[in-house]
Amino acid sequence: MINGAKRYIPDDMCAFISSKNHLNKERKLIERKQKQLNTVFLDSLSDVFDILNIDSNMVLSFHHHLRNGDKVIQLVAEEIRKRELKNLHLAPSSIFPSYTNLVNLIKNGNITNIHTNYLNGEVAKVISQGYLKGKLIMNTHGGRARLIESGDLGIDVAFIACPVVDKYGNGSGAVGKSACGTLGYAISDLEYAKKVVLITDTVVDKLDNYQLDGQFVDYVLTVDSIGDSSGIVSGTTQITNDPIGLKIAKDCANLLDFLGLIKNGFSMQTGAGKTSLAVVKYVEEIMKKNNVVGEFASGGITKAYVDLLEQGLFKKLYDVQCFDLDAVQSFQKNKNHLAMSASEYGNPFEDNPICNKLDFVILGATEIDLDFNVNVTTDSLGNLIGGSGGHADIAYGADVTIIISPLIKSRIPIIKEEVMTVTTPGSDVDILITERGISINPKRLDLRQKLKDSSFPIFDIKELFDLSHKITGVPKKIINNKEIIGFVEYRDGTYLDCIYKVNHGF
Amino acid sequence: MKGIAGSKESNDCLITIESANSTTIEINSIVGAFFYDQIMETVKETLAENNITNVKVIVDDKGALDYTIKSRLLTAIERMKEDV
Amino acid sequence: MFRSLLFIPGNNPSMLQNADVFLTDAVIFDLEDAVSIKEKHNARNLVKNYLQTSTVLPKQVVLRVNSVDSIYFGEDIKLLKTKKIDYLLIPKMNKETMHKVDIVLNDFERKNNLEQIKLIALIETAQGINEIDYFAENKRLSALFLGGEDLANDLEIKRTDSNNEIHYARSRVIFSAVANGIIPIDTPYTDINNVEGLRKDSEQAKELGMKAKASIHPNQLEIINEVFSPSMDEIDWARDIVRLSKENSDIGVFQYKGKMIDKPIIEKAEKIINKAKQFGIM
């Protein structure tokens, strides 16, 4: 059948209808985990597997706060290999390039199903090539929280890497030798998994402040090291020096200013890329010039936002994950740098998630189509290279969703007739800003009206599409292999698109 | 006789041309999936316009636009002619 | 009319394909100093094919050719046949160079049935400065462009942030350009990461009378455009003057905010309005 985003979905699947459809549904919650009387400390992963009877066909979850420096998922993967467990279902919130020892486990059928919000590197490659025997389900950050709390994905054991744990089993990411800041993506796992194991390399007597409540923790496993700090804080802190990126950023900030979005009490979120950082810098200049103080910025937090908080330009930061060391340190010491869970961030069934309070968000795209659908999941050939993360959550929640991107990336035009994969439905995308022009989604009559007499270079998206083809020539259409290897699951649990095996030869 | 022109910088291409018994064109492009045919067409056209036959052409493309490919090939042809 | 000009190396496809995007009044495609001897051919081919086939070009196209005394000049000017070039930038301009260029171009125009080719003179030697009044009146010239770095080399002095060493040259270029009704263009600021230095340098040049400045990196354009554009206050003032002059067209002289306004001031206001319109500020 064809779903609400005009994409094909197999008939037996629950098809995406619209991004507002969750408003017609009731929140579904399984019972939270039973409280623990006492938390057991172990120092052998093998013992953890034995005691918890971890076996084939189980669902194991992880978070990605240690990013490319994570050693925990690697440790567990090694134990799975040794024990020759089969048909495991993994639910890491993201998969990074360093998680290489998952590759053979996928190829050999130890891991056969995966839920995740983002993946790249070697694991993404082998899944694109069709090696995962079951299915890959790509969630959003908020959608993953919904998935777990509803029991739609029952987690047998959650392995939660935790930089510091106290003797009561309370955990925090703020300090410790592998400090990574907030642990927002692990909260649903903590509260709803059948069994919870914290894995740490630092145990203290008592934590006064903690994000993970020991009452949900069954076991604490101590190991030598949970992460490599150089890989943990891998966020970009350099503003782009690329003149095209700077032009796009400048136009973006000027447009926000023109639309009156940079006003007292406003809230915003951007990605952590170099061009986004330039937008933040220009927004900062406008705030200072006009004496504007914003209410909050949210998301994965970088130094750029820490600076704004410390200058009093924002009252609060809501942080689901820290991208750099400055963010980690700010989270430790600044009481207005607040942790949020993935659910508080973007779960459509939360009463008032942070994403819904956002005035505007600035996001990237690998492709965007004439209906404004955005793809950040696959490249233009269908290879998996990312995923929604919070993309679809905040695009829905924010009043104005802006996509910034060069019109052409190494000869490949970014605007397509149809994107290869829909990550975020076009109904939630309002403005596209490129170096050669700006396009407004026709459904945003209000924005079109406001910008009608402005001097911004505004075009129909089809005009920008035609312009890019004039420059590059018309790219050949890529015909998908029809073999479905996974799905993009929208935040409400419906299916937004299929993910296909890539053609050989690319 | 052989001529080389261009570079492997992004949006550029490195073109090698040398005399051979018949004409062969080899294209390695990072955007080959989308533009292989168009690159091939540009190379063939440029060879024909300059009456060049019996050459082996290798295009190592990093996303160059057609005018860049054509220019690099023209220079490579000139260099091949000078290479005696 | 220019405020800003941007140099782009002729052999750089990445820069070329974005030349239309940068916020500059003119792009200078460089076949001279930015291109090594063995790549002269390659760069010329690239710029030629770009100009011939690109569907998106900068507002104004300037081509910096090699010296009229070099073996490349004859080949370089053939790019004029694309009819996409608005100005040639002639390096190391002096009286003799102007003369030679004139002869070659007269011949080239006749043979190729082209209209008179417009030039910008790059003045970058002591001789060029000394002889400036002898060539500045040439009808081909649209602007005089001071090349401060090469001039300092010629004088065997250091370039400094004070710009004392080029003060005389700047003034000569400005006086000669204005006297001949053409545009004086200031030398580029070479420290591309120094934003404050660029602003100071541009403001200093503007105060002396420079009307435009060249840049060597796109990130310099925003400041240059800002400094060399009429300010909003100036535009508002000019609007008032032009409006009042129309209302008082029969008198010729009138008062504005306690000041006498006569013909030269009205002309100044008209120039500001004209500039603001050209640069898309109003």
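Just so you know, these numbers come straight off a predicted model, no measurement behind them.

Quick word on the packing of helix α2 (residues 66-82) of chain B against helix α2 (residues 40-53) of chain C
Packing of α2(B) against α2(C) brings their axes to within 8 Å, and their N-to-C directions diverge by 145°. Both α2(B) and α2(C) take part in a crossing whose hand is right-handed. Counted together, B:Tyr67, B:Thr68, B:Lys70, B:Ser71, B:Arg72, B:Leu74, B:Thr75, B:Glu78, B:Arg79 and B:Glu82 of α2(B) and C:His41, C:Asn42, C:Asn45, C:Leu46, C:Asn49, C:Tyr50 and C:Thr53 of α2(C) form the full contact between these two elements. Of the residues contributing to the contact of α2(B) with α2(C), the split by class is 4 nonpolar, 8 polar and 5 charged.

Considering the packing of helix α9 (residues 274-289) of chain A against helix α10 (residues 303-310) of chain A
Helix-helix packing is characterised by the crossing angle of the two axes and by the distance between the axes. All names here are of chain A. Between α9 and α10, whose axes approach to 10 Å, the crossing angle comes to 15°. Our classification of the angle between α9 and α10 gives roughly parallel. Here α9 runs over α10; the crossing is left-handed. From α9, Leu277, Val280 and Glu284 reach across to α10, where they touch Ala304, Tyr305 and Leu308.

Looking at the domain arrangement of chain A
All names here are of chain A. Considered domain by domain, chain A is made up of domain 1 (33-232) and domain 2 (243-484). Distance from the C-alpha centre of domain 1 to the C-alpha centre of domain 2: 29 Å. Across the contact, 33 residues belong to domain 1 and 31 residues belong to domain 2. Note on domain 1 versus domain 2: buried area summed over both sides is about 2300 Å², and carbon and sulfur give 60% of it. Viewed at the interface, domain 2 and domain 1 are joined by 15 residue pairs in polar contact (both at pLDDT 80 or more). Listing elements by their share of the side of domain 1 that touches domain 2, those giving two or more residues are α4 (122-128), β5 (136-138), α5 (141-149) and α6 (187-192). Ranked by residue count, the leading element in the side of domain 1 that touches domain 2 is α5, at 6 residues.

A few points about the sheet that holds strand β25 (residues 458-459) of chain A
All names here are of chain A. Reading across from one edge, β15-β14-β13-β12-β16-β19-β23-β24-β25 is the order of the 9 strands in this open sheet, with mixed pairing throughout. One side of each edge strand has no neighbouring strand; the edge strands of this open sheet are β15 (337-339) and β25. Pairing geometry for strand β14 (residues 314-322) and β15, over 3 bridges, is parallel. Each residue of the ladder has a partner; that of Leu317, found in β15, is His337.

Regarding the pairing of strand β3 (residues 88-92) of chain A
In regular strands, side chains alternate between the two faces of the sheet. All names here are of chain A. Along β3, 5 of the 5 residues are buried, which leaves the element largely enclosed by surrounding structure. Burial along β3 is two-sided: the residues Leu88, Leu90 and Pro92 and His89 and Ala91 are all buried. Here strand β2 (residues 59-62) pairs with β3 via 4 bridges, running parallel. Note on β3: the bridge partner recorded for Ser61 is Ala91. The parallel pair β2 and β3, bridged by helix α2 (residues 72-83), forms a crossover whose chirality is right-handed. Summarising the sheet, β3 and strand β4 (residues 111-116) pair through 3 bridges and their orientation is parallel. The partner of Leu88 across the bridge, within β4, is Ile111. For the crossover that starts at β3, traverses helix α3 (residues 102-107) and ends in the parallel β4, the hand is right-handed.

Section: the interface of chain B and chain A
At the junction of the two partners, chain B supplies 15 residues and chain A supplies 14 residues. Overall, the association of chain B and chain A removes approximately 1100 Å² of surface from exposure, summing both partners, and the carbon and sulfur fraction of that is 66%. Among the residues of chain B in contact with chain A, B:Ala33, B:Phe34 and B:Phe35 are the three that bury the most area, contributing 55% of the side total. At the boundary of chain B with chain A, the tally comes to 1 salt bridge. A salt bridge links A:Arg411 to B:Asp66, with the shortest nitrogen-to-oxygen separation between them at 3.0 Å. Counting across the chain B and chain A interface gives 4 residue pairs in polar contact (both at pLDDT 80 or more). Among the secondary structure elements, those contributing two or more residues to the side of chain B that touches chain A are α1 (32-49) and α2 of chain B. Residues belonging to the side of chain B that touches chain A are distributed by class as follows: 9 nonpolar, 3 polar and 3 charged.

Brief notes about the packing of aromatic side chains
All chains considered together, the criterion is met by 14 aromatic pairs over all chains. Their ring planes at 75° and their centres at 5.1 Å tell us that A:Phe487 and A:Tyr495 sit as a pair that is edge-to-face. Considered together, A:Phe487 and A:Tyr495 belong to a single accessibility category, that of buried residues. Taken together, a centroid distance of 5.4 Å and an interplanar angle of 65° make the contact between B:Tyr67 and C:Tyr50 edge-to-face. Here C:Tyr50 lies in helix α2 and B:Tyr67 lies in helix α2, a pairing that spans two chains. Its relative accessible area of 8% is what places B:Tyr67 among the buried residues. Given a relative accessible area of 1%, C:Tyr50 falls into the buried group. Across the ring face of B:Phe34, the terminal group of A:Lys416 is positioned such that the distance to the ring centre comes to 5.3 Å. If you follow A:Lys482 out to its NZ or CZ, it ends over the ring of A:Tyr500, 5.1 Å from the centre.

The rules we used
- Residues numbered from 1 in each chain as written.
- Chains lettered and ligands numbered in written order.
- Predicted model: local features only at pLDDT ≥ 70, side-chain atom pairs only at ≥ 80, totals over all residues.
- Heavy atoms only, no water.
- Axes fitted to C-alpha atoms, helices over the stretch in contact; angles between N-to-C directions.
- Helix = DSSP H or I, 4+ residues; strand = E, 2+ residues; numbered from the N terminus.
- Left-handed = near helix turned anticlockwise from the far one by under 90°.
- Contact = heavy atoms within 4.5 Å.
- Nonpolar A, V, L, I, M, F, W, Y, C, P; charged D, E, K, R; others polar.
- Parallel < 35°, antiparallel > 145°, perpendicular 65-115°, else oblique.
- Domains from an automatic or database assignment.
- Buried area = accessible area lost by both parts, 1.4 Å probe.
- Polar contact = N/O pair within 3.5 Å; in protein donor to acceptor, adjacent residues only side chain to side chain.
- Pairing = 2+ DSSP bridges.
- Buried < 20%, exposed > 50% of the residue type's maximum accessible area, 1.4 Å probe, protein only.
- Right-handed = clockwise from strand over helix to strand, strands pointing away.
- Salt bridge = Lys/Arg side-chain N within 4 Å of Asp/Glu carboxyl O.
- Phe/Tyr/Trp six-rings, centres within 6.5 Å; stacked < 30°, edge-to-face > 60°.
- Lys NZ or Arg CZ within 6 Å of the ring centre and 35° of its normal.

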